[in-house]
Amino acid sequence: MTKLKNQDKVNTDHIFSSYETIDEIPWLAEAFDQITRASTLPAILIVGRPDIGKTFLAKFVAVGILCSNSSSPNSLYPCKSCRDCHLASINGHPDLHLLPGAKESEGKITIQHVRDLVSKISKTSHRGGTKVVIINRLDLMSPGTGNALLKILEDANKKILFLLLTDKLHQTLPTIRSRCHKINVPQPKLIDAMIWLKHYSDLPENKLRLALAMAGFSPLRALKITDDKNFWLNREKLLDTIVKGANLVELVESSENIDSKVLTDILFMLVYDTLLYFQYRKIKYHFDYSSFIEVFSKEILLINLLKWQDSILNHARQSTHTINRKLALEALFSEFLNLTKNNAD
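About the thresholds
- Residues numbered from 1 in each chain as written.
- Predicted model: local features only at pLDDT ≥ 70, side-chain atom pairs only at ≥ 80, totals over all residues.
- Heavy atoms only, no water.
- Core = buried A, V, L, I, M, F, W, Y, C linked by side-chain atoms within 4.5 Å.
- Buried < 20%, exposed > 50% of the residue type's maximum accessible area, 1.4 Å probe, protein only.
- Helix = DSSP H or I, 4+ residues; strand = E, 2+ residues; numbered from the N terminus.
- Axes fitted to C-alpha atoms, helices over the stretch in contact; angles between N-to-C directions.
- Parallel < 35°, antiparallel > 145°, perpendicular 65-115°, else oblique.
- Left-handed = near helix turned anticlockwise from the far one by under 90°.
- Contact = heavy atoms within 4.5 Å.
- Nonpolar A, V, L, I, M, F, W, Y, C, P; charged D, E, K, R; others polar.
- Pairing = 2+ DSSP bridges.
- pLDDT = per-residue confidence, 0-100.
- Salt bridge = Lys/Arg side-chain N within 4 Å of Asp/Glu carboxyl O.

Grouped together as the largest cluster of nonpolar side chains are 55 residues, with contacts concentrated most on L57, I134, L163 and M214. The dominant element in this core, judged by the number of residues it contributes, is helix α3 (residues 54–66), at eight residues. Ranked by size, the runner-up nonpolar core spans 27 residues in total, among them L275, Y289, W308 and F336.

The next thing to look at is the packing of helix α12 (residues 248–255) against helix α16 (residues 325–336). Interhelical geometry of α12 versus α16 gives an angle of 125° and a closest axis separation of 9 Å. The orientation of α12 relative to α16 falls into the category oblique. In this structure, α12 crosses over α16, and the sense of that crossing is right-handed. Contact residues: L248, L251, V252 and S255 in α12; R325, K326, L329, E330, F333, S334 and F336 in α16. In the contact of α12 with α16, the residues fall into six nonpolar, two polar and three charged.

The phi angle at D51 is positive, at roughly 60°, despite the residue not being glycine. Tracing the backbone through its elements, the reader meets D51 in the loop between β1 (43–47) and α3. Taking the relative accessible area as the measure of exposure, D51 reaches 36% and is therefore partly exposed.

A few words now on the sheet that holds β1. Read from one edge of the open sheet, five strands run β2-β3-β4-β1-β5, paired in parallel fashion. A single partner strand is all that each edge strand has here, and the edge strands are β2 (96–99) and β5 (181–184). Along the sheet, successive strands turn relative to each other by an average axial angle of 20°, direction set aside. Two elements, strand β3 (residues 131–135) and strand β4 (residues 160–166), share five bridges in a ladder whose sense is parallel.

Attention now goes to the confidence of the model for the protein. For the protein, per-residue confidence averages 89 on the pLDDT scale, and residues scoring 70 or more make up 89% of the total. Contacts from residues 5–13, a stretch scored under 50 in pLDDT, to residues over four places away or in other chains number 16 contacts.

What follows covers the pattern of salt bridges. For the structure on display, the rule yields eleven salt bridges. A salt bridge links E20 to K80; the nearest nitrogen and oxygen atoms lie 3.1 Å apart. Placement of the pair is E20 in the loop between α1 (6–9) and α2 (29–38) and K80 in the loop between α3 and α4 (83–89), with a sequence separation of 60 residues. Overall, E20 belongs to the partly exposed group, its relative accessible area being 41%. Here E250 ties to K244 by a salt bridge, and the two come within 3.6 Å at their closest N and O atoms. Members of the salt-bridge network, linked through shared partners, are K54, R137, D139 and D167.

Pasting the structure below:
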C-alpha cells in the first residue's frame, strides 16, 4: 500500500481515485468473497457501520461485473483498462444505476426515484450482460418507497443485480430484508485499523489514534479527518470552552459554526466518556481531555447527564429541520450548565 496524496483523499467521483483495489481495504475482503459467491442472486443487502467502506465495496463489485475483460466468469476483479471499467468507475456506465445518485449527500430515495429506476432497468442491457443497481442508505427509505422497491425486487429478472446498502438493518423494511442475501461488513480490530492508517498517513501514532476515535473507529473516515483543520480547530475550541467553565453565551458561540452532526458526535462522545470513566475509569474517545473528564465525572449528577444525553440525540434529530439553531443551542447548553451538583436546581 502506498501513502495517498492529499488531493487523492477528497476525490470520490472516480472509484479508483484513492484505492486501486479491494485488497487495499483488508476488512472488506471477506464480504467481497461472499458477494463473489452470491453474485448470481438477484439482491444482496450489505450491512455495516457508517464509513466502513460499503459504498466502495458495492462500486468495486459493480465495476467487476460490468468489466468486459474479466479474468474468469467467477471473478469480480475488474481489469480497469476496458471502456466498461472506465465508464463504471466514474458512475457513467449505462448498465450501472445508483440511488439516490452518485453521491450519498443527494438525499433520501423517493418514489419518483424508484419509478425512474423502473424505466431505466426495463431497457435492453448495453452489452447484453448484467445490470447493476446500487441503492444507498436503505434505512432512510419511507414505507411507501420501500414497497415500490419491493415490487421491483419481486419482478426483477436474473440479468439484474441489486446491491442494497444500510447502516441500520433494524430500520429497513422486513419485506425487503427477506428478499435479500445479507452480508455483513465487519469493523476492523483497533490494531488492524492502526496498521492500515500508518500505511496511508505520516502522522504520529497518538494523532492517528485520536482521529480514529473521533471517526467512530472507522479507518476510512479517520483518514479523511486527519487533514481537516476546521474539524480539529472547532473541536478544540468547543472542548476548551467547556473545560474552562464558560457561560452560556460562550458555549453557544463556540459551537454555532460547527456542523450539527459533528457537534452532536463530539458532545455524545463526551457523555459516553464521562459515563465510562464514572463506572470503569476508562476513556474511549476524548482521551486527550482525560484530566477534565476525570474531574467532571465526579461533579455531575448521573441522572442529569443521562437526560442531557437524550437532549443531544433530540438535537441531532431536530437539526435536519428548519429551526432557529441559536435557540436550539441555547436550550442544549442551558441544560449542560445544570449537570453538576453545584449548579443543579
